[in-house]
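A closer look at the structure
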Amino acid sequence: PWGKAGMLICFDLLHPAAGYLHEQAGVRLLITISASPARGITADGDMAGERAFRLAQEAHARLLGFMTIYVNRVGTEEGFTFCGGSLVMDPFGKVLCELPLYEETRAVCEIDMETVARARSLYPHLKEGRPDFILQEMWRIRQGQIPKP
């Protein structure tokens, strides 16, 4: 009922190309499963890792027009603490459901996949993608044909 779904695993979310490939494949619902431990405290007291994942999720949602689901492990095992903080975000960056940090809990979240169509109709760059150009440039870079500064 929600159309094509794609999955990212943990740090894949932090790579912009991973989301772009899913968007080009027609994915509308992007699901990330993660076991990201709590690490790195920022100057304002936030966890750097949790902040990075949230920022990446919002970037994928807004820039590529996805409904996004991020599910992160919570609890402690072998000296690692996993912070949880799972959330669902629509393509406009609106948080539809957010679970607390460091607390085992679950929730049911209703999502409206028509939001994806509305968001994508506003994003002309999605209609005018240039996958051939991206492929050509990635191949050029892969072959070491990078101009020197």
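Before reading further, recall that the structure is shown in the block above.
Because the structure is a prediction, the values reported are computed rather than measured. (Residues numbered from 1 in each chain as written. Predicted model: local features only at pLDDT ≥ 70, side-chain atom pairs only at ≥ 80, totals over all residues. Heavy atoms only, no water.)

A few points about the overall build of the chain
Definition in use: Helix and strand definitions follow DSSP, with helices as H or I runs of at least four residues and strands as E runs of at least two, each counted in order from the N terminus. For every residue, the accessible area obtained with a 1.4 Å probe (protein chains only) is divided by the maximum for its type, and the residue is called buried under 20%, exposed over 50%, and partly exposed between those limits.
Across its full length, the chain carries five helices and seven strands. Beginning at the N terminus, the succession of helices and strands in the chain can be written as β-α-β-α-β-β-β-β-β-α-α-α. By principal-axis analysis of the C-alpha atoms, the chain measures approximately 45 × 40 × 25 Å. Buried residues in the chain amount to 34% of all 149 residues.

Concerning the environment of G84
Short version of the rule: Note on contacts: a residue pair qualifies if any of its non-hydrogen atoms lie within 4.5 Å across the two residues.
Position of G84 among the secondary structure elements: in the loop between β5 (80-83) and β6 (87-89). When residues no more than four places from it in sequence are discounted, the contact partners of G84 are N72, R73, V74 and L101.

Description of the layout of surface pockets
Gaps between atoms show up when a probe of the same size as a water molecule is rolled over them. Inclusion rule: Think of a 1 Å grid over the protein atoms and nothing else: a 1.4 Å probe that fits but is trapped marks a cavity, an open set flanked by protein within 12 Å on at least five of seven lines marks a pocket, and residues with an atom within 4 Å of a point count as lining. Grid points are joined across faces, edges and corners, and a volume is the space filled by probe spheres set on the points. Note on residue categories: nonpolar means Ala, Val, Leu, Ile, Met, Phe, Trp, Tyr, Cys or Pro, charged means Asp, Glu, Lys or Arg, and polar means any other residue, Gly included.
Taken as a whole, the largest pocket spans an internal volume of roughly 280 Å³. Lining the largest pocket are 21 residues, with Y70, V71, S86, L99 and A107 positioned closest to its centre. Every element with two or more residues in the lining of the largest pocket is listed here: β3 (67-72) and β6. If one sorts the elements of the lining of the largest pocket by residue count, β3 sits on top with four residues. Looking at side-chain class alone, the lining of the largest pocket contains 13 nonpolar, five polar and three charged residues. Here the second largest pocket defines a volume of roughly 210 Å³. Forming the boundary of the second largest pocket are A17, Y20, L21, Q24, P131, I134 and M138. When residues of the lining of the second largest pocket are traced back to their parent elements, those giving at least two are α1 (16-24) and α5 (131-142). Per-element tally for the lining of the second largest pocket: the top contributor is α1, with four residues.

Here's the deal with empty space enclosed by the protein
Applying the stated criterion to the full structure yields one cavity of 30 Å³ or more. A volume near 70 Å³ is recorded for the largest cavity. Those elements that provide at least two residues to the lining of the largest cavity are α2 (48-64) and β3. In terms of residues, the lining of the largest cavity owes the most to one element, α2, which gives four residues. Looking at side-chain class alone, the lining of the largest cavity contains four nonpolar, five polar and two charged residues.

Section: the state of the cysteines
Condition: Disulfides are defined as pairs of cysteine sulfur atoms found within 2.5 Å of each other.
Per the stated rule, a full pass over the model turns up zero disulfides. With no disulfide of its own, C10 has C83 as its nearest cysteine by sulfur position, at a separation of 10 Å. Here C10 falls in the buried class, since its relative accessible area comes to 12%.

Regarding α5
Note the cut-off: Here, expected helix span is obtained from the residue count minus one, scaled by 1.5 Å.
For α5, built from 12 residues, the straight-helix expectation of 16 Å at 1.5 Å per residue is met to within 8% by its first-to-last C-alpha distance of 16 Å. At the exit of α5 stands G144, carrying a positive phi of roughly 80 degrees.

Some thoughts on the sheet that holds strand β2 (residues 29-34)
Where we set the bar: Only strands joined by at least two bridges in the DSSP assignment are considered to pair. Axes, fitted as lines to C-alpha atoms, cover a helix only where it is in contact. Angles between the N-to-C directions of the axes lie from 0 to 180 degrees.
If you walk across this open sheet you meet the five strands as β1-β2-β3-β6-β7, and the pairing is mixed. The open sheet has two edge strands, β1 (5-9) and β7 (95-98), and neither has a second partner. Between one strand and the next, the sheet's axes are offset by a mean angle of 15 degrees, whatever the strand orientation. Across three bridges, β3 lies against β6 in antiparallel orientation.

Topic: the environment of G26
With respect to the helices, strands and loops of the structure, G26 is situated in the loop between α1 and β2. In this structure G26 comes out as partly exposed when scored by relative accessible area, which is 34%. C-alpha separation for the pair G26 and A5, spaced 21 residues apart in sequence, amounts to 8.5 Å.

By themselves, these observations are geometric and do not establish any function.
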